[in-house]
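Structural description and commentary
For reference, the chains in residue letters:
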Amino acid sequence: MLSGAMLAMDSTTMVLVLALGNLALCSVLFFFDYGAVRAPALASWGLSKQVQAASWILLALGGARVVPEPLALPGGWALLIAGVALESAALWETAHRRPLVRIMVPLALAAIFIFLVSYWIDPLGLRTLAAALILGAFYLVGAAALARGWRAASMLQRALAVVTALLALVVAARGILVLVMPDGWRWLSHDLLRQLSTIAFYLLMLVNGFGCLLLARERLQGDLARLETLDLVTEVPNRRGFFNALAPWMALARRPGSPTALVVLDLDSFRRVNDGYGHPVGDVVLRHVADLCRRQLRDSDLLGRLVGGEFALLLPRTGGEEAMLVAERMRAAIEATPVKTERAMISMTASFGVTTIRPDDSNVTLFGRAGSAMREAKAGGRNAIRMAPRETMPEA
């Protein structure tokens with residue numbers, strides 16, 4: 001009898017620890033990016049933690065006899081199922097799978113109904129079976145969301161997916177043992193598995209709590225790093241991003257192999273567009289030209305915006321003559337496709353300079369040569385293409 005009281009006390013204490021832990025996590029979440037507009041997925045995830053905290057508090061109050069057990073137990077477990085389901089939905093929303101998010105609400109309601117029916121039939125055995133299997137299943141659904149895009153995922157995301165799945169199996173194992181072996185299995189008694197399940201809940205709170213906050217911070221840092229190399233107007237690499245992508249091809253040019261071409265193009269009279277129609281219209285023109293150019297490129301080619309109306313094209317494994325053909329297609333497309341804006345139809349042309357990367361090139365010499373060819377095209381009447389002078393071979 002004494003051991004049973006101590007066991008009940010231990011159970012109540014562990015539930016209280018889970019309640020306080022979730023409350024602490026909610027406090028941390030409150031100050032995480034305080035004052036900033038949160039993404040819907042993060043807001044839903046924060047709400048799920050609040051619901052889970054409320055569920056553990058209700059269960060702790062029921063264990064301490066502050067709230068009657070017939071109210072605290074079914075209410076607390078039903079809230080916990082709702083909170084875990086909402087957490088899984090938030091993870092799938094982060095994975096951009098809206099159809100799965102929409103079905104989580106009816107799934108959660110169905111799961112709560114099944115649990116309440118099980119509790120009404122058998123407040124001990126069947127209730128334990130239903131709660132363990134339902135919660136384990138929802139945690140596995142969340143692990144599947146974390147595992148989506150495994151190859152491109154970071155090590156942190158992979159670790160969260162694996163640990164969440166393993167702990168979900170521990171939670172579900174309690175229900176499976178009740179179903180398959182009502183008297184336990186060897187040394188694995190129901191009391192031991194209940195304690196392991198409670199520890200798994202605690203670890204899930206920590207892993208899915210602070211782990212997901214770290215994952216959100218990691219993704220934010222990744223977005224900031226991407227913005228440092230992306231031109232926000234045209235959504236192509238900016239000068240820094242283009243030079244970063246160019247660096248390995250500059251190194252490869254020092255080895256024998258297929259040539260790599262660089263094309264520099266500048267929109268003719270682009271300043272006239274900004275001065276006459278305003279910068280918003282100029283941005284429309286830039287996006288239009290960038291889209292036209294991308295349609296002429298292979299997947300391995302790269303378009304970047306350098307400054308103003310000046311763009312650069314990196315054409316791997318492409319010789320000078322082939323690069324001239326690519327530039328001609330772009331020149332013709334830009335000339336033949338006026339830009340439709342709210343104020344006018346604007347016809348544009350562009351001048352191109354073409355060269356190939358040489359073994360002794362630096363960024364300065366490479367862009368200097370391509371820029372000189374482009375300026376020669378402008379001086380010759382614009383809307384034209386010029387090839388930079390080929391490398392002269394030293395006399396023997």
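Per-chain numbering applies: the sequence of each chain, read as written, is numbered from 1 onward. Per-residue local features of the predicted model are confined to residues with pLDDT of at least 70, and side-chain atom pairs are confined, for both listing and counting, to 80 or more; whole-chain, interface and lining totals are unaffected and use all residues. To get the side-chain values, take all heavy atoms of the structure and skip hydrogens and water.

- Identification of the protein chain as diguanylate cyclase from Massilia jejuensis is taken from an unreviewed UniProt entry.
- UniProt positions are given in the numbering used here, feature names are shortened, and annotations may be inferred rather than shown by experiment. Per its UniProt entry, the protein chain bears the Catalytic activity (unreviewed entry) comment "2 GTP = 3',3'-c-di-GMP + 2 diphosphate".

1. Some details on the sheet that holds strand E2 (residues 302-307)
- Taking strand neighbours across the sheet as the criterion, the five strands line up as E2-E3-E1-E6-E7 in an open arrangement whose pairing is mixed. Looking at which strands have only one partner, the edges of the open sheet turn out to be E2 and strand E7 (385-387). Each adjacent strand pair in this sheet contributes to an overall mean axis angle of 20°, direction not counted.
- Across the sheet, helix H11 (residues 320-336) is in contact with strand E1 (261-267), strand E3 (310-315), strand E6 (350-356) and E7; its angle to E6 comes to roughly 165°. Strands qualify as paired when DSSP identifies two bridges or more between them. Helix numbering and strand numbering both begin at the N terminus, where a helix is a DSSP run of H or I of at least 4 residues and a strand a DSSP run of E of at least 2. Helix axes are fitted only over the stretch in contact, all axes being lines through C-alpha atoms; the angle between N-to-C directions runs from 0 to 180 degrees. When checking whether two residues touch, look at their non-hydrogen atoms; a contact exists if any pair is within 4.5 Å.

2. Some points on the packing of helix H2 (residues 40-63) against helix H3 (residues 69-94)
- Relative to each other, H2 and H3 sit at 165°, their axes nearing to 8 Å. Considering the angle they form, H2 stands roughly antiparallel to H3. As H2 runs across H3, the sense of the crossing is left-handed. An angle counts as roughly parallel when it lies under 35 degrees, as roughly antiparallel when it exceeds 145, as roughly perpendicular when it falls between 65 and 115, and as oblique in every other case. Here is the rule for handedness: rotate from the far helix to the near one, and if that takes an anticlockwise turn smaller than a right angle the crossing is left-handed, while a clockwise turn gives right-handed.

3. Describing the packing of H3 against helix H4 (residues 98-121)
- The contact between H3 and H4 brings their axes to 9 Å, and the two run at 165°. Classified by the interaxial angle, the pair formed by H3 and H4 is roughly antiparallel. The element H3 and its partner H4 pack so that their crossing is right-handed.
- Side-chain classes are defined by residue name, with Ala, Val, Leu, Ile, Met, Phe, Trp, Tyr, Cys and Pro counting as nonpolar, Asp, Glu, Lys and Arg as charged, and the others, Gly among them, as polar. For the contact of H3 with H4, the per-class residue count stands at 19 nonpolar, one polar and three charged.

4. Details of the packing of aromatic side chains
- Only Phe, Tyr and Trp rings take part, Trp by its six-membered ring, and two of them pair if their centres are within 6.5 Å. Stacked means planes under 30 degrees apart, edge-to-face means over 60, and tilted covers everything else. Within the structure shown, the criterion is met by seven aromatic pairs.
- With a centroid separation of 6.3 Å and 35° between ring planes, the pair formed by Phe 115 and Tyr 119 is classed as tilted. Placement of both Phe 115 and Tyr 119 in helix H4 is noted, with a separation of four residues, approximately one turn of the helix.
- Taking the centre distance of 6.3 Å and the plane angle of 55° together, the rings of Tyr 139 and Phe 201 count as tilted. Here Tyr 139, found in helix H5 (residues 125-147), pairs with Phe 201, found in helix H7 (residues 190-228); they are 62 residues apart in sequence, far enough to count as distant.
- Assessed through its relative accessible area of 5%, Tyr 139 is described here as buried.
- Whether a residue is buried, partly exposed or exposed follows from its accessible area with a 1.4 Å probe, protein chains only, as a fraction of its type maximum: under 20%, in between, or over 50%, in that order. By relative accessible area, Phe 201 is classed as buried at 6%.
- Taken together, the aromatic side chains of Trp 56, Trp 77, Tyr 139 and Phe 201 make up a single cluster linked through ring pairs.

5. Points about the UniProt feature "transmembrane region" (unreviewed entry) in the protein chain
- Look at the UniProt record and you will see "transmembrane region" (unreviewed entry) annotated at residues 12-32, 71-91, 103-121, 127-147, 159-179 and 199-216.
- Taken end to end, residues 103-121 has its terminal C-alpha atoms 27 Å apart, with 100% of it in helix and 0% in strand.
- Along residues 127-147 one finds 100% helix and 0% strand; the C-alpha atoms at either end are 30 Å apart.

6. Quick notes on the side chain of Thr 318
- Position of Thr 318 among the secondary structure elements: in the loop between E3 and H11.
- As used in this structure description, the phrase polar contact means that two N or O atoms lie within 3.5 Å; if the pair is within protein, one of them must be able to donate a hydrogen and the other to accept it, and residues adjacent in sequence are counted only when both atoms belong to side chains. At 2.8 Å, the side chain of Thr 318 and the side chain of Arg 298 are in polar contact.
- Not counting chain neighbours up to four residues away, the residues in contact with Thr 318 comprise Pro 259, Thr 260, Ala 261, Arg 298, Ala 323 and Thr 356.

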